[in-house]
Amino acid sequence: MSERIKTDVLIAGGGIAGLAAAIAAKESAPDIGVTIVEKYTSGYSGKANRGAGIMVTLADYKPEEFVRYHADRIGKYLNDQEFLMKYAREINNNVEALDRWSNGKIDRDEKGEIRTVKWRSQLRGVGEDGVYDFDQSNEYPWTLAAIDLDFLLNVRKTAVKLGVKFIDRVGIVDILTAAGGEACGAVGFGIDTGEAFVFEARAVVLATGGQNYRVMPMWACARGEGIAAAWRAGASLTNGEFGSFYNWTSPHNFKDEMGVEYGLYNDKGENVGARHTVEPHPDIDPYSLAEYYKQVKAGNGPLHYRQDENVMLPFTRSMLGSNAAYFKRPFANKWWGKLIFNGATQEPDDVIMPGLVGEYGAVKVGEDFQTRIPGLFAIGEVSIAGTRCFGAVPAPPARVRGIAINVMTFHGRAAGPAAAAYAASVKAGAISDTQAEAVVKRFNAPLSRAGDIPVNDFVFEIMKVMQPVGNSLYRHEARMGKALGRILELREQMGRIDAEAPHHLFGVNEIDATLLCAEMFFRASLERKDSIGWFLREDYPDPPDDLEWIVIENDGGKPKIVKEPVPIERYPFKPEM
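Residues numbered from 1 in each chain as written. Predicted model: local features only at pLDDT ≥ 70, side-chain atom pairs only at ≥ 80, totals over all residues. Heavy atoms only, no water.

*Asks:* Tell me about the overall build of the protein chain, and please be specific about residues and values.
*Replies:* If you tally the helices and strands in the protein chain, you get 15 helices and 23 strands. The globule rule puts the C-alpha radius of gyration for 577 residues at 25 Å, and the 23 Å found for the protein chain is close to it. With the C-alpha coordinates of the protein chain rotated into their principal frame, the extents come out at 65 × 55 × 50 Å. Classification of the 577 residues of the protein chain by burial places 60% in the buried group. Within the protein chain, counting contacts between residues at least 6 apart in sequence, those at least 24 apart form 74% of the total. Here the protein chain displays about 22200 Å² of accessible surface, and carbon together with sulfur accounts for 50% of that area. Averaging the coordinates of the 66 positive side-chain charges in the protein chain and doing the same for the 77 negative ones gives two points 2 Å apart. (Helix = DSSP H or I, 4+ residues; strand = E, 2+ residues; numbered from the N terminus. Rg over C-alpha atoms; globule rule 2.2 N^0.38 Å. Buried < 20%, exposed > 50% of the residue type's maximum accessible area, 1.4 Å probe, protein only. Contact = heavy atoms within 4.5 Å. Areas by Shrake-Rupley, 256 points an atom, 1.4 Å probe, with all protein chains shown as cover. Lys, Arg positive; Asp, Glu negative; His and termini not counted. Charge placed at Lys NZ, Arg CZ, Asp CG, Glu CD.)

As structure tokens, this is what we get:
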């Protein structure tokens, strides 16, 4: 085993949340030692530079308007409104911080003001200067800014200037705890060599991403290893039943499509999606996805997408596509131009289907992002549902396109200083050699056994369980029970995975994490016997009588379900009775 590496604050994951935490920690406590360990390469890793580069901002709206809208229209009052208010008050500050850290990568107009456009605005025309003009008179109490997609490289440079240390191409796989139960470090491995690394730290921040089940290629990088590491260390999970986000996609290229519901037809030529576009319609709704399931089951599939009936298309093309007639982002416009062109060349027909994105990130955290394990913090998609901030929706995008980058920045800005303060207040816990060696043994175990199933083949078996809408979105006890049974069956077969190299070992570790997330997703889903927000049950179609959060406590490594009442009486916004 290699020599130990010491730091005050260890951050696992160098995407936007991890970078934000590192910078915020150093800005709050310049003398604190901060190290980011990234499985790939920080500045290129994570999802923030893979998407549209759209970022929510409040502009002149009030935080109270944002919270009221989300609690009522989106989260269905399953929100932790105190957490949501804390976030809402920082939305504009998150934009300004990220612009500063990225050296001005957020698009501004000729006056130097951040250029914005509201979601779902309708295109009115093009001005003499060639700039698109939008009708922005819709009800959403937020608007959108845009950041160029190469911004994380500049954010990394800012972190380097502040003294943050980076170790790339090393993946953290487990948390180490001291005799008192507090986090005291982690074990990681080189993805190229398999070399083991032991990190000693006073505080550990998990920023390794959520679980997306690798179905939709754009988000395949999020594989849930941090969630599994937190669980093995003793963390609890919550709100995981909502981790089932879908996008419409072509089966030929898996490119995301927005607004499909407006032109969604069955094979008999009937528009079956329009009735599910009742305003407000901030993003894809679960009811059109459930309609897909019903139509296919009735023999009316495949379903078709008539693009010319999509009223959102002019907006999404002009805002998110390669057209630079509104937002000026050279790198993003070039990237999206290639992506959209390549996708369009692989669409031989108009067949459309739901593609599972997932967005499972259920590690339960408190207001400072600390888990139940002292010294262990979880941020970004690891805990985005676990904050319970957004309520009865998958988060991100929480049915609000553009919110993810802002939320991840907020997580880092809040957790970085909290982790730094914690690290400054405690002595480093003693690492157990026995515990570290056990992690190494667990990770390397597949090398010592003969497997007959390639890693990717095993991944496909998990996809077969998670992708169907009837399992993961429009749910029924019988289907979910069967799906959970198959997940548990696959867990029993993990000894058959073939692993001959470090990459294969990481593949096995990722599969273990994927199976854990899938298991906990179905266990939580089976416990929620109602339909609310994004969560739909065919066998329990009515809304709940009482608002409750479902928590999966870690009882010696075994799941224990607890239902926790939402303290709606102390929140400012309450459902009408």
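Now, onward.
*Asks:* Just give me the short version of the pattern of salt bridges, but keep the residues and values in it.
*Replies:* Enumeration according to the criterion identifies 39 salt bridges in this entry. As a salt-bridge pair, glutamate 359 and lysine 47 come within 3.2 Å of each other at their nearest N and O atoms. Pair noted here: glutamate 359 is in the loop between β18 (351-358) and β19 (376-378) and lysine 47 is in the loop between β3 (34-38) and β4 (54-57), with a separation of 312 residues, a long-range link. For lysine 47, a relative accessible area of 14% gives the class buried. Each of Asp174, Arg232, Arg442, Arg491, Asp512, Glu519 and Arg523 takes part in salt bridges that share partners, so that together they form one network. (Salt bridge = Lys/Arg side-chain N within 4 Å of Asp/Glu carboxyl O.)

*Asks:* Go over the packing of helix α14 (residues 477-492) against helix α15 (residues 502-527) with me, naming the residues and quoting the values.
*Replies:* For any two helices packed against each other, the geometry is given by the interaxial angle and the distance between the axes. Contact pair α14 / α15: the axes reach a minimum separation of 9 Å and the direction vectors enclose 155°. Viewed along their axes, α14 and α15 adopt a mutual orientation that is roughly antiparallel. Considering only the axes of α14 and α15, their crossing is left-handed. Taken together, the residues of α15 that come into contact with α14 (itself represented by Glu477, Met480, Gly481, Ala483, Leu484, Ile487, Leu488, Leu490 and Arg491) are Asp512, Leu515, Leu516, Ala518, Glu519, Phe522, Arg523, Ser525 and Leu526. Classifying every residue of the contact of α14 with α15 by side-chain character gives 11 nonpolar, two polar and five charged. (Axes fitted to C-alpha atoms, helices over the stretch in contact; angles between N-to-C directions. Parallel < 35°, antiparallel > 145°, perpendicular 65-115°, else oblique. Left-handed = near helix turned anticlockwise from the far one by under 90°. Nonpolar A, V, L, I, M, F, W, Y, C, P; charged D, E, K, R; others polar.)

*Asks:* Describe the side chain of arginine 537, and please don't skip the residues or the numbers.
*Replies:* Counting through the fold element by element, arginine 537 comes out in strand β21 (residues 536-537). Of the polar contacts made by the side chain of arginine 537, one reaches the backbone oxygen of arginine 528; its length is 3.2 Å. Reaching out from arginine 537, the side chain makes a polar contact with the side chain of aspartate 539 at a distance of 2.8 Å. Arginine 537 has contacts with Arg475, His476, Glu477, Met480, Ser525, Leu526, Arg528, Lys529, Asp530 and Ser531, leaving out every residue within four places of it along the chain. (Polar contact = N/O pair within 3.5 Å; in protein donor to acceptor, adjacent residues only side chain to side chain.)

*Asks:* Any details on the packing of helix α6 (residues 225-233) against α15? Residues and values, ideally.
*Replies:* Running from amino to carboxyl end, α6 crosses α15 at an angle of 75°, the nearest separation of the two axes being 8 Å. Taken together, α6 and α15 sit at an angle that is classed as roughly perpendicular. Every residue of α15 that contacts α6 at Glu225, Ile227, Ala228, Trp231 and Arg232 is listed here: Asn509, Glu510, Asp512, Ala513, Leu516, Cys517 and Met520. Looking at the contact of α6 with α15 residue by residue, the class counts come to seven nonpolar, one polar and four charged.

*Asks:* Explain the sheet that holds β3 to me, using residue names and the numbers behind them.
*Replies:* Read across the open sheet, the five strands follow the order β8-β3-β2-β12-β19; overall the sheet is parallel. In this open sheet, the two edge strands, each paired with only one partner strand, are β8 (165-168) and β19. Here the average twist between neighbouring strands, direction ignored, is 20°. The pairing of β3 with β8 spans four bridges and is parallel. If you follow valine 37 over to β8, its bridge partner there is isoleucine 167. Docked against the sheet, helix α1 (residues 16-28) engages β2 (9-12), β3 and β8, running at close to 170° with respect to β3. (Pairing = 2+ DSSP bridges.)

*Asks:* Just give me the short version of the pairing of strand β6 (residues 132-135), but keep the residues and values in it.
*Replies:* Burial along β6 is one-sided: Tyr132 and Phe134 are buried, and none of Asp133 and Asp135, which face the opposite way, are. In the sheet, strand β5 (residues 122-126) pairs with β6 via four bridges, with the strands oriented antiparallel. If you follow leucine 123 over to β6, its bridge partner there is phenylalanine 134. From the end of β5 to the start of β6, which pair antiparallel, there are five residues, and glycine 130 there has a positive phi angle of about 85°.

*Asks:* I'd like a rundown of the side chain of aspartate 148, residues and numbers included.
*Replies:* You can see aspartate 148 is positioned in the loop between β7 (143-146) and α5 (151-161). Among buried Asp, Glu, Lys and Arg side chains, aspartate 148 stands out as unpaired, with lysine 105 the closest opposite charge at 4.6 Å. Discounting chain neighbours no more than four positions away, the residues touching aspartate 148 are Lys105, Arg329, Pro330, Phe331 and Ala332.

*Asks:* How would you explain the nonpolar core if you had to name every residue and give the values?
*Replies:* Judged by nonpolar contacts, the single largest core of 187 residues is most densely connected at Phe66, Tyr87, Trp142, Phe390 and Met466. Looking at this core element by element, the count peaks at 14 residues for α15. Those residues within four positions of phenylalanine 390 in sequence are excluded, and the remaining contacts are His70, Gly75, Asn79, Leu84, Tyr87, Ala395, Ala398, Ile403 and Val407. With eight residues, the next largest nonpolar core counts Leu78, Ile532, Phe535 and Trp549 among its residues. (Core = buried A, V, L, I, M, F, W, Y, C linked by side-chain atoms within 4.5 Å.)

*Asks:* Help me get a handle on the packing of aromatic side chains, residues and values and all.
*Replies:* Overall, the coordinates contain 21 aromatic pairs when judged by the stated rule. With centroids separated by 6.1 Å and ring planes inclined at 75°, the aromatic side chains of phenylalanine 66 and tryptophan 142 adopt a geometry described as edge-to-face. Of this pair, phenylalanine 66 sits in helix α2 (residues 63-74) while tryptophan 142 sits in the loop between β6 and β7, and the two are 76 residues apart along the sequence. Like phenylalanine 66, the residue tryptophan 142 is buried in the burial classification. (Phe/Tyr/Trp six-rings, centres within 6.5 Å; stacked < 30°, edge-to-face > 60°.)

*Asks:* Would you mind going over the sheet that holds strand β22 (residues 548-555) in detail, with residue names and values included?
*Replies:* Note on sheets: strands pair through backbone hydrogen bonds, and any given pair is parallel or antiparallel. The antiparallel open sheet is built from three strands, whose spatial order is β13-β22-β23. With one partner strand each, in any of the chains shown, β13 (237-238) and β23 (558-565) form the two edges of the open sheet. In this structure, β13 lies alongside β22, joined through two bridges in antiparallel fashion. Paired with threonine 238 across the bridge in β22 is valine 551. Sitting on the sheet, α15 touches β13, β22 and β23, and the angle it makes with β23 is about 40°.

Fair warning: the whole summary comes from geometry, so function is off the table for now.
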